[in-house]
Each structure stands twice: as structure tokens, then as C-alpha cells.
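As a plain string of letters, each chain reads:
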Amino acid sequence: EGADGKRANYGIIDASVTFGFDLGEAMLLLDAEAAYQHGTTELEPTGLLVKQDLRAFAWAGRTTLLADRLSVAIDSLFLSGDSDAQDGSVTLFRAYPNYQFGVVLFDQVVRAQSARSVATATAPTLGAPFNQVERLPSEGAPTDTLAFFPRVGYRLLSGLDVYGGVLFAFAPVVPRDPANTKLAGGAARTALGGASEGYWGTEYDLGARFRALAWGSLLTLGVEGGALHPGPALNASAVARASGADDSLLLGGRAFANYDF
């Protein structure tokens with residue numbers, strides 16, 4: 001329930017499965033989870049003042065091969081998108097912000113561009129502004145994607161792993177900034193005003209992680225970095241580029257420390 005009394009009423013059906021196969025000197029692990037969200041909502045960013053049907057689907061999978069110090073894995077992720085915020089049906093599935101998939105794309109770039117949409121969706125030039133615009137920012141959560149993330153890891157020392165991979169992220173539904181798309185007469189536009197298409201980009205990631213028992217609990221320290229080659233779903237217009245927007249190679253990183261009591 002929102003502060004203004006508007007509500008979302010829905011249920012989620014969730015199923016997960018894990019298989020492990022002993023291959024002698026190696027182990028193959030298969031993990032998958034699927035979720036379906038069904039109900040109604042009044043809380044989606046839209047110009048409509050009606051209750052909308054909520055129908056959204058998500059899938060996450062991981063296949064991992066463990067062989068001594070070497071690990072090879074491929075993650076897959078599908079989150080349904082929404083092609084039209086004004087059609088009375090909401091099909092957007094947004095993952096929890098702490099669900100990390102890559103370093104730069106969703107956690108930094110899509111987070112920043114979706115936050116920018118709040119300002120454009122309330123611009124006076126729109127005439128009738130959007131409602132619930134505070135729900136436009138993704139807050140770093142993956143959304144509207146079909147992504148594949150193959151990775152390779154190697155254990156250098158006991159507790160110390162290094163890993164790297166390439167993330168390929170498609171957009172099943174062409175991402176649309178609501179305000180820029182409306183101002184363009186319905187043609188899909190990004191938050192930076194460029195023509196939007198169905199590929200988020202390609203990201204190259206490297207990282208290192210150290211785990212150790214400290215005072216009877218698990219301590220984890222890590223650092224990760226990534227380079228994103230943005231796809232056409234993140235295009236900037238010529239005006240935005242002239243104002244300093246950058247849709248060329250983008251770099252990012254993070255460091256983290258966890259202590260599990």
C-alpha cells in the first residue's frame with residue numbers, strides 16, 4: 001500500500017530445483033528458479049488512474065562445473081518487461097536490488113538512467129504528468145532482460161578465488177523512458193533521448209574473493225570491476241552527448257566485506 005492509499009494485491013508462485021551430478025573428478029551442479037506474479041496494482045508509473053492487471057514472470061538458472069581448483073559456470077536470467085505503461089496491464093518483473101547480475105550494467109548504468117526518468121516524467125512539457133513516478137528508479141535491480149553470463153574461476157590459494165566472465169544482456173521488451181517516448185510520438189526513446197532498441201549491452205567482469213573463518217564465523221572480502229559496452233537500449237541523443245552524456249565504454253567497480261554471525 002502506498003502513502004496515498006493506492007494498493008497492489010497479488011500473489012507469487014515460486015518454484016526452485018537443484019541437481020548435483022558426480023562426474024568422478026568433477027561435479028556438475030544445476031540450479032533453477034522460476035516465479036510468476038499475478039494480481040492487480042494501482043502502484044505502477046503511468047498516466048492511467050485505474051487499477052491494472054499484474055502478470056509478470058521471472059527465471060534464474062545456473063549451471064556450474066567444479067573440477068579441482070577450476071570452476072566454469074553460466075548464469076541465465078529472464079525478467080519480463082512491459083511494452084506499454086498505458087495499456088491497463090503490467091508485465092514488468094523487477095528483481096530484488098540485492099540480486100547482483102554483473103557489476104556495471106544494472107547496478108550502475110540502468111540505476112542512473114531510470115532515476116533520471118523521474119525528472120523527465122514530471123516535466124511540464126508532458127502536459128499530463130505520470131503518477132507514481134517514485135517507482136520508476138530500478139535502484140540497481142535487474143529488469144526487462146534475457147541475459148547470459150558465462151564465467152570462469154580459479155582457486156589460487158585456500159579461500160582465495162579469482163574469476164571473470166562476459167555478460168550478454170538482451171531486452172525482450174524495448175526499454176522506453178516514459179516521458180521521452182511520449183514526446184517522440186510513441187517511438188521508443190531512452191532516458192538520454194536516443195532511439196532505443198532491444199540490447200542492453202555487453203559487459204566484461206573480473207573479480208577476486210577471499211573467504212576465511214574468523215572467530216568461528218565466515219568472513220568474505222572481495223573486489224570486482226567491469227567494463228560495459230552499451231547497447232542501443234542505452235543510446236544517448238546528440239543533444240545529450242553535447243551536454244556530456246557518455247554512451248561509449250563505461251567502467252565501474254565495487255568492493256565488499258561480509259561477516260556472517
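Model, not experiment: these values are computed from the prediction. (Residues numbered from 1 in each chain as written. Predicted model: local features only at pLDDT ≥ 70, side-chain atom pairs only at ≥ 80, totals over all residues. Heavy atoms only, no water.)

## Some remarks on the packing of aromatic side chains
Aromatic ring pairs: the centre-centre distance and the angle between the two ring planes describe each pair. Using the criterion set out here, one finds seven aromatic pairs in the structure. Each ring, one from Phe101 and one from Phe149, has its centre 5.8 Å from the other, and the planes form 55 degrees; the classification is tilted. Taken together, the positions of Phe101 in the loop between β5 (89–90) and α1 (105–121) and Phe149 in strand β6 (residues 145–157) put the pair 48 residues apart, joining distant regions of the chain. Each member of the pair, Phe101 as well as Phe149, carries the same accessibility label: buried. (Phe/Tyr/Trp six-rings, centres within 6.5 Å; stacked < 30°, edge-to-face > 60°. Helix = DSSP H or I, 4+ residues; strand = E, 2+ residues; numbered from the N terminus. Buried < 20%, exposed > 50% of the residue type's maximum accessible area, 1.4 Å probe, protein only.)

## Quick look at the pattern of salt bridges
Evaluated as defined, the whole model comprises nine salt bridges. When the shortest N-O distance is used, the salt bridge between Glu224 and Arg209 registers 3.3 Å. Remark: Arg209 occurs in strand β8 (residues 199–214) and Glu224 occurs in strand β9 (residues 217–230); sequence separation between them is 15 residues. Here Glu224 falls in the buried class, since its relative accessible area comes to 11%. (Salt bridge = Lys/Arg side-chain N within 4 Å of Asp/Glu carboxyl O.)

## Regarding the environment of Thr41
You can see Thr41 is positioned in strand β2 (residues 27–41). For Thr41 and Ser114, which are 73 residues apart along the polypeptide, the C-alpha to C-alpha distance reads 20 Å. Those residues in contact with Thr41, other than ones at most four positions away along the chain, are Arg7, Ala8, Val50, Lys51, Gln52, Leu54 and Val90. A distance of 2.9 Å separates a polar side-chain atom of Thr41 from the backbone nitrogen of Leu43. (Contact = heavy atoms within 4.5 Å. Polar contact = N/O pair within 3.5 Å; in protein donor to acceptor, adjacent residues only side chain to side chain.)

Any functional reading would require information that these geometric values do not contain.
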